[in-house]
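Structure assessment
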Amino acid sequence: MTDNLNGKTIAFLVAPEGIEQVELTEPWEAVKEAGGTPRLVSTVSGTVQAFNHLDAADTFPVDDTVESVSVGDFDGLVLPGGVANPDYLRTQETAVAFARSFFDEGKPVAAICHAPWTLIEGGVLAGRTITSWPSLQTDIRNAGGTWVDEEVVECTAGPNSLITSRNPDDLPAFCAKLTSVFAAS
């Protein structure tokens, strides 16, 4: 990665369990390789449980809870997928408010796979064009967004850049786009 994220801190918002591991670890490494500082933010302290699809994988230490940080502490937000991860986050007011605050402040957000569920709950997709896991397309349309079937989409038709991808196969394009956009912001 040639994009320079030196001096930038990127939040990775996750639930206590159900995170698709590769959708956390590959963007995390891309941010680090570009010189940025990734921080794992969750609704609880301690560790979170990642999964390889439906099988428990590794655990990861939480750096901060959503209650202990604010959007001002970060330059961008990454929302990994997994079915259970965003499904849980969208039921947590503090997590939804934290994600929405990046839109309010005009800071870039990257979401992959099922992660847009959290953004739907935050009411930030109206007028936006995004991609996701295909089963979310009706939810996205009902939230006022336009769903497209593309490897990676950067939508700038709003207060911030919103980068989305469909699934783990799209991670190379997703990581390249998010580091590029985060570096330029």
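A short tour of the structure in this document, coming up. The shown structure was predicted, so the numbers you read here are calculated from the model rather than taken from an experiment.

Comments concerning the side chain of Glu23
- In this fold, Glu23 is placed in helix 1 (residues 21–33).
- One buried charge, Glu23, has no salt-bridge partner; the nearest side chain with opposite charge is Arg166, at 10 Å.
- A polar side-chain atom of Glu23 sits 2.9 Å from the main-chain amide nitrogen of Gly81.
- Glu23 has contacts with Pro80, Gly81, Gly82, Ile112, Cys113, Asn167, Pro168 and Leu171, leaving out every residue within four places of it along the chain.

Here we look at the nonpolar core
- In this structure, Leu13, Leu77, Phe98 and Leu119 are the most contacted members of the largest nonpolar core, which totals 28 residues.
- Those elements that provide at least two residues to this core are strand 1 (9–14), strand 7 (76–79), helix 3 (93–104), strand 8 (109–112) and helix 4 (116–122).
- At 5 residues, the largest contribution of residues to this core is made by helix 3.
- When sequence neighbours within four positions are dropped, the list of residues in contact with Phe98 reads Ala11, Leu13, Val41, Val66, Val69, Ser70, Val71, Phe74 and Leu77.

As for the sheet that holds strand 4 (residues 47–52)
- Strand order across the open sheet formed by 3 strands is 2-4-5, with mixed pairing between neighbours. Of all strands in the sheet, those bounded by a partner on one side alone are strand 2 (17–20) and strand 5 (55–61). Strand-to-strand twist of the sheet, defined as the mean angle between neighbouring strand axes without regard to direction, takes the value 45°.
- Packed on one face of the sheet, helix 1 meets strand 2, strand 4 and strand 5 and runs near 55° to strand 2.

A look at the pattern of salt bridges
- Counted by the stated rule, this structure contains 6 salt bridges.
- Put simply, Asp64 and Arg39 hold a salt bridge, and the shortest N to O gap is 3.0 Å. With Asp64 in strand 6 (residues 64–65) and Arg39 in strand 3 (residues 37–42), this pair connects stretches of sequence that are 25 residues apart.
- On the basis of relative accessible area, Asp64 is assigned to the buried category, the value being 14%.
- Put simply, Asp87 and Arg90 hold a salt bridge, and the shortest N to O gap is 2.7 Å.
- Judged by relative accessible area, Asp87 falls into the partly exposed class, the value being 33%.
- When salt bridges that share partners are traced, they join Asp149, Arg166 and Asp170 into one network.

Here we look at helix 1
- Here helix 1 contains 13 residues, and its C-alpha end-to-end distance of 18 Å stays within 8% of the 18 Å for a straight helix at 1.5 Å per residue.
- By the burial criterion, the buried members of helix 1 are Gln21, Glu23, Leu24, Pro27, Trp28, Ala30 and Val31.
- With its phi angle positive at about 90°, Gly35 sits one or two positions after the end of helix 1.

Brief notes about the side chain of Lys107
- Summarising the element assignment, Lys107 is placed in the loop between helix 3 and strand 8.
- Here Lys107 occupies a buried position and makes no salt bridge, while the nearest side chain of opposite charge, Asp75, is found at 5.3 Å.
- Polar side-chain contacts of Lys107 include one of 3.0 Å to the backbone oxygen of Val71.

The rules behind each value
- Residues numbered from 1 in each chain as written.
- Predicted model: local features only at pLDDT ≥ 70, side-chain atom pairs only at ≥ 80, totals over all residues.
- Heavy atoms only, no water.
- Helix = DSSP H or I, 4+ residues; strand = E, 2+ residues; numbered from the N terminus.
- Buried < 20%, exposed > 50% of the residue type's maximum accessible area, 1.4 Å probe, protein only.
- Lys, Arg positive; Asp, Glu negative; His and termini not counted.
- Salt bridge = Lys/Arg side-chain N within 4 Å of Asp/Glu carboxyl O.
- Polar contact = N/O pair within 3.5 Å; in protein donor to acceptor, adjacent residues only side chain to side chain.
- Contact = heavy atoms within 4.5 Å.
- Core = buried A, V, L, I, M, F, W, Y, C linked by side-chain atoms within 4.5 Å.
- Pairing = 2+ DSSP bridges.
- Axes fitted to C-alpha atoms, helices over the stretch in contact; angles between N-to-C directions.
- Expected span 1.5 Å × (residues − 1).

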